[in-house]
Amino acid sequence: MQNTLVLKVCEDKIQHDMPAISHAGELLKAGGLVAFPTETVYGLGADALSADAAAKIYAAKGRPSDNPLIVHICCFEDMRAIVEEVPRQARMLADAFWPGPLTMILQKSAKVPYETTGGLDTVAVRMPANKIALALIREGGGYIAAPSANTSGRPSPTTAGHVYEDLNGKIPLILDGGEVGIGIESTIIDLTEQVPVILRPGFITMQMLSEVIGEVRIDPGILTDDANCKPKAPGMKYRHYAPKAEMIIVEGIQELVVKKINQLAKEQTGAGKKVGIIGTTETAGQYRQGVVFRIGSRQEEAEIAHNLYKILRTLDASGVDIIYSESFETPRIGQAIMNRLLKAAGHQVIQVR
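No experiment lies behind these values; they were computed from the predicted model shown.

Thresholds, definitions, all that
Residues numbered from 1 in each chain as written. Predicted model: local features only at pLDDT ≥ 70, side-chain atom pairs only at ≥ 80, totals over all residues. Heavy atoms only, no water. Pairing = 2+ DSSP bridges. Helix = DSSP H or I, 4+ residues; strand = E, 2+ residues; numbered from the N terminus. Axes fitted to C-alpha atoms, helices over the stretch in contact; angles between N-to-C directions. Contact = heavy atoms within 4.5 Å. Buried < 20%, exposed > 50% of the residue type's maximum accessible area, 1.4 Å probe, protein only. Arc of directions from axis to C-beta. Phe/Tyr/Trp six-rings, centres within 6.5 Å; stacked < 30°, edge-to-face > 60°. Lys NZ or Arg CZ within 6 Å of the ring centre and 35° of its normal. Salt bridge = Lys/Arg side-chain N within 4 Å of Asp/Glu carboxyl O.

Asks: Can you explain the sheet that holds strand 13 (residues 275-279)? Please cite residues and give values.
Replies: Spatial ordering of the open sheet is given by 14-13-15-12-16, a layout of five strands whose pairing is parallel. Each having just a single partner strand, strand 14 (291-294) and strand 16 (349-352) make up the two edges of the open sheet. Across the sheet, the axes of successive neighbouring strands diverge by a mean angle of 20 degrees, strand direction being ignored. Across four bridges, the pairing between strand 12 (residues 246-252) and strand 16 is parallel. Among the inter-strand pairings, Glu251 is bridged to a residue of strand 16, identified as Gln351. In this fold helix 10 (residues 334-344) packs onto strand 12, strand 15 (322-326) and strand 16, with an angle of close to 135 degrees to the strand it touches most, strand 12.

Asks: Give a detailed account of the sheet that holds strand 4 (residues 70-72), specifying residues and quantitative values.
Replies: In sheet architecture, strand pairing relies on hydrogen bonds along the backbone and comes in two forms, parallel and antiparallel. Judged by pairing direction, the sheet is mixed, and its eleven strands sit side by side in the order 1-8-2-3-7-4-6-5-9-10-11 without closing on themselves. One side of each edge strand has no neighbouring strand; the edge strands of this open sheet are strand 1 (5-8) and strand 11 (217-218). Lying on the sheet, helix 5 (residues 131-139) is in contact with strand 2 (34-37), strand 4, strand 7 (144-145) and strand 8 (173-176); it crosses strand 2 at an angle near 145 degrees.

Asks: Could you give an account of helix 3 (residues 88-97), naming the residues involved and the relevant values?
Replies: Since there are 3.6 residues in each turn of an α-helix, residues three or four apart along the chain are aligned in direction. Of all the positions in helix 3, only Ala90, Leu93, Ala94 and Phe97 are classed as buried. Along the long axis of helix 3, the arc covered by the buried residues comes to 100 degrees, so they all point the same way. Across from the buried face of helix 3, at angles greater than 90 degrees, the exposed residues are Arg88 and Asp95. Against the buried residues of helix 3 lie strand 5 (102-107), strand 9 (187-190) and helix 7 (206-213).

Asks: Just give me the short version of the environment of Val212, but keep the residues and values in it.
Replies: One can find Val212 in helix 7. It is 7.5 Å that separates the C-alpha atoms of Val212 and Ala96, two residues lying 116 residues apart in sequence. For Val212, the residues in contact, after removing those within four places along its chain, are Met92, Leu93, Ala96 and Phe97.

Asks: I'd like a rundown of the packing of aromatic side chains, residues and numbers included.
Replies: Between two aromatic rings, the relevant description is the distance of the centres plus the angle of the planes. With the rule as written, the count across this model stands at two aromatic pairs. The side chain of Lys108 reaches across the aromatic face of Tyr114, ending 4.2 Å from its centre. A cation over a ring is seen here: Arg332 above Phe203, with NZ or CZ 4.4 Å from the ring centre.

Asks: Tell me about the pattern of salt bridges, residues and numbers included.
Replies: Overall, the coordinates contain 14 salt bridges when judged by the stated rule. Among the ionic pairs, Lys8 bridges to Asp176, the shortest N-O distance being 3.2 Å. One end of the pair, Lys8, is in strand 1; the other, Asp176, is in strand 8, with 168 residues separating them in the sequence. Among the salt bridges present, the one from Asp166 reaches Arg154, with a minimum N-O distance of 3.8 Å. On the criterion of sequence distance, the pair formed by Asp166 in helix 6 (residues 160-167) and Arg154 in the loop between strand 7 and helix 6 is long-range, its members being twelve residues apart. The exposure classification of Asp166 matches that of Arg154, with both residues buried. In this structure, a network of salt bridges that share partners links the residues Arg154, Glu165, Asp166, Arg313 and Asp316.

If you want it as structure tokens, here you go:
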């Protein structure tokens, strides 16, 4: 395949950019792949109702075929064709959070191929808030399967440049809508259980969900090493979001964390290694060794989420041999941030007291 075509599009100029979006929609309807922006990360889209098209996603990403894809829709009523039943809870959650960064898991209909669901009888569905994404879904036939548009296991892409870095020559087209807003993937909630279960934390928190539908529980695998589980949602089994260098999280009281990272960085630098450090606005100036990146302020947790994947990719580009990161247990979406960070580190954590 030739170099991937990149077409600039803008949420504020949808009508002006419809020729590019329509072209992308025709590619999807013909069984091709298109990368596109959402409010969370860039997605790699294909016709969700075509087994062959879904298979192309796995091939382009190098993604394990038992890792389910999320089906993106642009209208709530469109969900009825791809699920066996739309429960009342789904309507309540959609009214509260769609379009937006929430994915619901329901029993699939026969219309959805197992290639899209990773062999499961359930299907993950969401309606993105990004206007480019919604327009593309309409132009592409209404049902787009789309995981993150990166090589499997790598940090998710938050710019078109990240997509191009991973998938140039593997897909025909990227719609470049600029940098995404949120920067981490959608919350996933499983509505097929008696008590709904959060399978992946995100911007929509447990508290927000429970305020709408009542009792909600969290899958215990979210913050543990769950490599042996059968994935019911994207990101549950395999190492994800990972930089090329080994990554270790240092967790504990802030001053002790800084002291420990400084000690480790000095040892590694002395051994001839190039060290990367992820700190905050509050702590970055306290590090004495290595290449230091400010992920944001602990007072602005949305900033930390927004910058996470971008910093992991920048660390890759800087050629570091090992990365030490602070832990980010922020009040609202800290669980979502740590879920990504722990998977990026392969659950390597040093506790300091």
